[in-house]
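Residues per chain, in single letters:
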Amino acid sequence: MSDILSQLHQVLESRKGSDPDSSYVASLYAKGLNKILEKVGEEAVETILAARDAEVSGKTDALISETADLWFHSLVMLAKLGEHPDKVLAELERRFGLSGHDEKAARGSKH
Ligand SMILES: N=c1c2ncn([C@@H]3O[C@H](COP(=O)(O)OP(=O)(O)OP(=O)(O)O)[C@@H](O)[C@H]3O)c2ncn1[C@@H]1O[C@H](COP(=O)(O)O)[C@@H](O)[C@H]1O
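Conventions used here
Residues numbered from 1 in each chain as written. Predicted model: local features only at pLDDT ≥ 70, side-chain atom pairs only at ≥ 80, totals over all residues. Heavy atoms only, no water. Near = heavy atom within 4 Å. Polar contact = N/O pair within 3.5 Å; in protein donor to acceptor, adjacent residues only side chain to side chain. Areas by Shrake-Rupley, 256 points an atom, 1.4 Å probe, with all protein chains shown as cover. Helix = DSSP H or I, 4+ residues; strand = E, 2+ residues; numbered from the N terminus. Nonpolar A, V, L, I, M, F, W, Y, C, P; charged D, E, K, R; others polar. Axes fitted to C-alpha atoms, helices over the stretch in contact; angles between N-to-C directions. Parallel < 35°, antiparallel > 145°, perpendicular 65-115°, else oblique. Left-handed = near helix turned anticlockwise from the far one by under 90°. Contact = heavy atoms within 4.5 Å. Core = buried A, V, L, I, M, F, W, Y, C linked by side-chain atoms within 4.5 Å. Buried < 20%, exposed > 50% of the residue type's maximum accessible area, 1.4 Å probe, protein only. Expected span 1.5 Å × (residues − 1).

Participant: Run through the site of the ligand, naming residues and quoting values.
Facilitator: In the vicinity of the ligand, 13 residues are found, and the nearest of them are R15, S23, Y24, V25 and K39. A distance of 2.9 Å is found between an oxygen atom of the ligand and a side-chain nitrogen or oxygen belonging to R15. Here the ligand has 850 Å² of accessible area as a free molecule, and 52% of this is covered by the chains. Of all elements in the fold, only α1 (3–14), α2 (24–31), α3 (33–57) and α4 (61–80) reach the threshold of two or more residues within the shell around the ligand. In terms of residue count, α3 provides more of the shell around the ligand than any other element does, four residues in total. A class-by-class count of the residues in the shell around the ligand yields five nonpolar, two polar and six charged.

Structure representation (structure tokens):
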């Protein structure tokens with residue numbers, strides 16, 4: 001299932017040399033990190049609104065679509081900063097089975 005993240009990451013890397021007029025991802029890179037972060041924030045808000053609607057309507061199509069937009073723009077952010085989504089998956093794997101409360105306490109002692 002996580003294969004699509006790796007495949008998408010490869011495409012995102014390959015877009016670093018592409019023409020912004022023919023690639024949405026290349027156009028984001030050309031606009032810079034702030035534009036990418038703006039998109040991540042926008043998609044996060046749209047995801048929250050879709051989640052609230054889903055609770056009322058019981059329909060989750062928009063929620064799934066907005067969450068995909070949020071994940072996609074987060075992957076663009078990681079690629080722009082030279083990071084691979086495998087590192088995020090590895091971090092989730094590391095936390096797996098660890099209570100959220102314990103994990104937070106361990107994080108607190110690191111900072
Ligand atoms: N998964 C996606 C993906 N999800 C969402 N989007 C785009 O993200 C944009 C954001 O949606 P908005 O509603 O905010 O769009 P908008 O109003 O046009 O955006 P702004 O003008 O505000 O920047 C839309 O243009 C979507 O098409 C994506 N664009 C690309 N991909 C993947 O990235 C690959 C490379 O894309 P290109 O670089 O465009 O070839 C594609 O093959 C896909 O696999």
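Once you've had a look at it, read on.
Participant: I'd love a proper account of the packing of α3 against α4, names of residues and values included.
Facilitator: Packed helix pairs are characterised by how far apart their axes lie and by the angle those axes make with each other. It is at 8 Å that the axes of α3 and α4 come closest, and there the two elements cross at 160 degrees. One way to sum up the angle between α3 and α4 is to call them roughly antiparallel. Once α3 is placed against α4, the crossing between them reads as left-handed. The segment α3 lies against α4, with L33, I36, L37, K39, V40, E43, A44, E46, T47, A50, A51 and A54 engaging A62, L63, E66, T67, D69, L70, H73, S74, V76, M77 and K80. Classifying every residue of the contact of α3 with α4 by side-chain character gives 13 nonpolar, four polar and six charged.

Participant: Describe the nonpolar core, listing the residues and the values that go with them.
Facilitator: Ranked by size, the top nonpolar core spans nine residues in total: L12, V25, L28, Y29, I36, L75, V76, L78 and A79. Taken together, the elements giving at least two residues each to this core come down to α2 and α4. Tallying contributions element by element places α4 first for this core, with four residues. What L28 contacts, discounting residues up to four positions off in sequence, is K35, I36, K39, H73 and V76.

Participant: So what about α4? Which residues, and what values?
Facilitator: Working note: α-helix, 3.6 residues per turn, so residues spaced by three or four point in the same direction. Look at α4: 29 Å from first C-alpha to last across 20 residues, which is about the 28 Å you get at 1.5 Å a residue. Buried within α4 are the following residues: E66, L70, H73, L75, V76, L78 and A79. At its buried positions, α4 is contacted by α1, α2, α3 and α5 (85–95). One or two residues past the end of α4 sits G82, with phi positive at roughly 75 degrees.

So far we have only geometry, and geometry alone does not tell us how the molecule works.
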